[in-house]
Amino acid sequence: MLPTHPNTQPLVVTAVTLVLLLLLFSSFPDVYRITDRHVLDPTPTCPISPLVESIYAHDVAPRVASDSTPFHYLDFTGSSIYTTTQASEYHALLSAGVYGNPHSKSLSSRLSTQHVNDMRQRILEYFNADPDEYMVVFTRSATGALNLLGEAFPFTDQSQFVYLEANHNSVLGVRSYAQKAGARVGAMTEDEVERWLASDGDEPSDAWNLLAYPAKDNFEGVLYPLEWIERVHEKKPNWMVLLDTAAFAPTYRLDLSVVKPDFAVVSWYKVFGLPSGVGSWIVKRSSEKHLQRVFWGGSSVFTATAGHGAGNAPWEVRFQGEARYEDGTLPFLEIGSLRTGFDLMDRLGGIDSVQEYVTCLGKYLSSRLQSLRHSNGVALVKLNGKHYTDPKRQSGIASFQLVRPEPSNGSPFFSYRTAALVLAEAGFQIRDGCACCPGACYRASNVTEAEVRDKATRANGDYEGWEYVQRGSEKLPLGALRASLGWLSRARDVDALVDFLAATYIDATDDVLPTSRTSGEGGNDASRFGC
């Protein structure tokens, strides 16, 4: 749980008050019980962290535009928010020394090298990973790490690359390397993975195969079983496991002394907000020995010859370990800034505190959205994921459609694209579209892959109308709205969103339009709504 701010005064109550408090709180669900480190705001009945409130007031609120438009950040799966304190600490770090290219023996070089090594160790500690078992490769992002893995994995025409349908596009992109090698590729649903793991072990093969899945998917926020990893290793010879933790690591503990994927990827801006250009590829050393890296460049090679002249074949000696994959000069200044994020996490009480806090707020968000009804009893919000069926496996993400009181123009839903503009204009920072998870997205809308291919082909690069698939008289959405929570989320942000949706859409018959066509737009339509 998130600790209270150090300046918070202890609550002093009389015996009578204490009895009244106990009677009051006993009527709340367990998730809303008060603890010694949370205070309860009776409206809403959800724990509030004085520390989060204090950090937000000091480190975020002054940076928000001072006009009358509110600001409610609900896109933590897209990126966390960096604090002003982090920025100040980073500035102090840069001001405290001169940092040079790490490829020398000078003082400035050694200083940079020390920062890189310190952060490599800090990452191992964060994931409770044994340095003799795992190594940390610095990349530009989780996507950059996946690109490295795809290039180096020993795919052959006898290999298989299987991934969960709900995976991010960046994981799906690994299949291009597999297909180039002639490997078989394909997606599986959760039920299909379970049946595969329950079946007898695969026939022994000399080829290496790869299963990839997210610990938490970006679109619906569903948590997938970490125990799959051990089951694969026990029952499926010559199979390795890639665990995508980009959406998971910011709010859940990944303990690599217990859960042992062959590979894991993370983007640090999603965890700390800063820096935005550093990720990590976490590699099990016993699995790394099977990889076949192709490219090499500065930093990943000890020495090489140009291969000039007859009889002088090109020749090189490559580094091993982490350096084998870190081409060119690392972003050593940005890597150094990770220190501010890890220090922030320590002040919050660690990742377990964040997990408990965000889990509570996620349940509160889900509950409040489910409570919205039109006058005729129709639910305003249709949630994707496991909010209704298995809430224990539902994270602090609400992916949803806004439902009309009566179907109109072939659809039971309001336009999610138009609603996104309306919400942006009102100060809500949320995501719309498929959040780069096409499998989960189209499954949630009951859209077939053939329908998506047909629409994309007919669009011929013009994605302005990329919102619905027309199936007879029925319109099926090609995306949704997504609100996602993080350590800096507040119950007041949840309430503001729910209250705005209620005031704007309950009993509305037509799409509510933004006052300005350009409200909230950023990037091009293809990047915003297609991915």
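Everything numeric in this text was worked out from a predicted model, so none of it was measured.

Next up on the list: the overall build of the protein chain. Helix and strand counts for the protein chain come out as 18 helices and 20 strands. Residues classed as buried in the protein chain amount to 52% of the 531 residues present. Look at the contacts in the protein chain between residues 6 or more apart in sequence, and 73% of them connect residues 24 or more apart.

Turning our attention to the environment of Ser170. Among the structural elements, Ser170 can be located in helix H6 (residues 169–172). Ser170 sits in the buried class, given a relative accessible area of 19%. With 26 residues separating them along the chain, Ser170 and Gly144 place their C-alpha atoms 8.8 Å apart. If we ignore the near neighbours within four places in the chain, the residues touching Ser170 are Thr143 and Leu146. Within polar-contact distance, the side chain of Ser170 engages the side chain of Thr143 at 2.7 Å.

Moving on: the pattern of salt bridges. Close approach of charged atoms allows side chains with opposite charge to pair. The tally for this structure, following the rule as stated, stands at 25 salt bridges. Put simply, Asp346 and Arg122 hold a salt bridge, and the shortest N to O gap is 3.1 Å. Of this pair, Asp346 sits in helix H12 (residues 332–347) while Arg122 sits in helix H4 (residues 107–126), and the two are 224 residues apart along the sequence. The class for Asp346 is exposed, based on a relative accessible area of 54%. The partner of Glu165 in a salt bridge is Arg443, and the shortest N-O contact between them spans 2.9 Å. One end of the pair, Glu165, is in the loop between strand S5 (160–164) and H6; the other, Arg443, is in helix H15 (residues 438–444), and 278 residues separate them in sequence. Residue class for Arg443 comes out partly exposed when judged on its relative accessible area of 38%. Salt bridges sharing common partners tie together Arg122, Asp343 and Asp346.

Another aspect to go through is the confidence of the model for the protein chain. Chain-level statistics for the protein chain give a pLDDT mean of 87 and a share of 87% at 70 or above. Below pLDDT 50 for its whole length, residues 1–44 participates in 64 contacts with residues either more than four positions away or in separate chains. Predicted confidence for residues 518–529 stays below pLDDT 50, and this span has 25 contacts to residues more than four positions away or in other chains.

The full count for this structure, using the stated rule, is 23 aromatic pairs. Each ring, one from Phe71 and one from Tyr73, has its centre 6.5 Å from the other, and the planes form 25°; the classification is stacked. Take Phe71: its relative accessible area is 27%, and that puts it in the partly exposed class. Clustering of aromatic rings is evident, with ring pairs tying together Phe153, Phe155, Phe161, Tyr163, Phe263, Trp281 and Tyr325.

We now examine the environment of Ala379. Locating Ala379 in the fold gives a position in the loop between helix H13 (351–370) and strand S13 (381–384). With 127 residues separating them in the primary sequence, Ala379 and Ile506 have C-alpha atoms 9.3 Å apart. In contact with Ala379, other than residues within four places in its own chain, are Leu372, Arg373, His374 and Val403.

Moving on, we get to the pairing of strand S19 (residues 474–477). Strand direction decides the pairing type here: strand S18 (residues 468–471) and S19, joined by four bridges, are antiparallel. Paired with Arg471 across the strands is Glu474, a residue of S19. Between the end of S18 and the start of S19, which pair antiparallel, lie two residues, with Gly472 showing a positive phi angle near 65°.

A word on the nonpolar core. Nonpolar side chains in soluble globular proteins tend to end up buried together. Ranked by size, the top nonpolar core spans 114 residues in total, and within it Trp268, Leu338, Leu402 and Leu501 carry the most contacts. Among the elements that line this core, the one with the most residues is H13, at eight residues. Those residues in contact with Trp268, other than ones at most four positions away along the chain, are Ile123, Tyr126, Phe127, Gly273, Pro275, Val278, Gly279, Ser280, Leu338 and Phe342. Formed by 28 residues, the second largest nonpolar core is a distinct cluster that contains Leu148, Leu149, Val174 and Ala246.

Every buried residue of helix H9 (residues 228–235) is listed here: Trp228, Ile229 and Val232. Along the axis of H9, the buried residues cluster in a sector spanning 105°; they form a single face. Of the residues in H9, the exposed ones pointing more than 90 degrees away from the buried face are Glu230 and Glu234. The secondary structure elements touched by the buried residues of H9 are S5, helix H8 (190–198), strand S7 (209–214) and strand S8 (239–244).

Attention now goes to the pairing of strand S4 (residues 134–139). In terms of residue burial, S4 counts as a mostly covered element, since six of its six residues are buried. Side-chain alternation along S4 places Tyr134, Val136 and Phe138 on one buried face and Met135, Val137 and Thr139 on a second face that is also buried. In this structure, S4 lies alongside strand S10 (residues 279–284), joined through six bridges in antiparallel fashion. Note on S10: the bridge partner recorded for Tyr134 is Lys284.

Our focus in this paragraph is the sheet that holds S8. Pairing within the open sheet is mixed, and its seven strands lie in the order S4-S10-S9-S8-S7-S5-S6. Both outer strands of the open sheet, S4 and strand S6 (184–188), are each paired with one neighbouring strand and no more. Here the strands of the sheet are splayed against their neighbours by 20° on average, with no regard to which way each runs. Strand contacts of helix H5 (residues 142–152): S4, S7, S8, strand S9 (263–267) and S10, with the helix running at about 150° to S9, the strand carrying the most contacts.

Calculation rules
Residues numbered from 1 in each chain as written. Predicted model: local features only at pLDDT ≥ 70, side-chain atom pairs only at ≥ 80, totals over all residues. Heavy atoms only, no water. Helix = DSSP H or I, 4+ residues; strand = E, 2+ residues; numbered from the N terminus. Buried < 20%, exposed > 50% of the residue type's maximum accessible area, 1.4 Å probe, protein only. Contact = heavy atoms within 4.5 Å. Polar contact = N/O pair within 3.5 Å; in protein donor to acceptor, adjacent residues only side chain to side chain. Salt bridge = Lys/Arg side-chain N within 4 Å of Asp/Glu carboxyl O. pLDDT = per-residue confidence, 0-100. Phe/Tyr/Trp six-rings, centres within 6.5 Å; stacked < 30°, edge-to-face > 60°. Pairing = 2+ DSSP bridges. Core = buried A, V, L, I, M, F, W, Y, C linked by side-chain atoms within 4.5 Å. Arc of directions from axis to C-beta. Axes fitted to C-alpha atoms, helices over the stretch in contact; angles between N-to-C directions.

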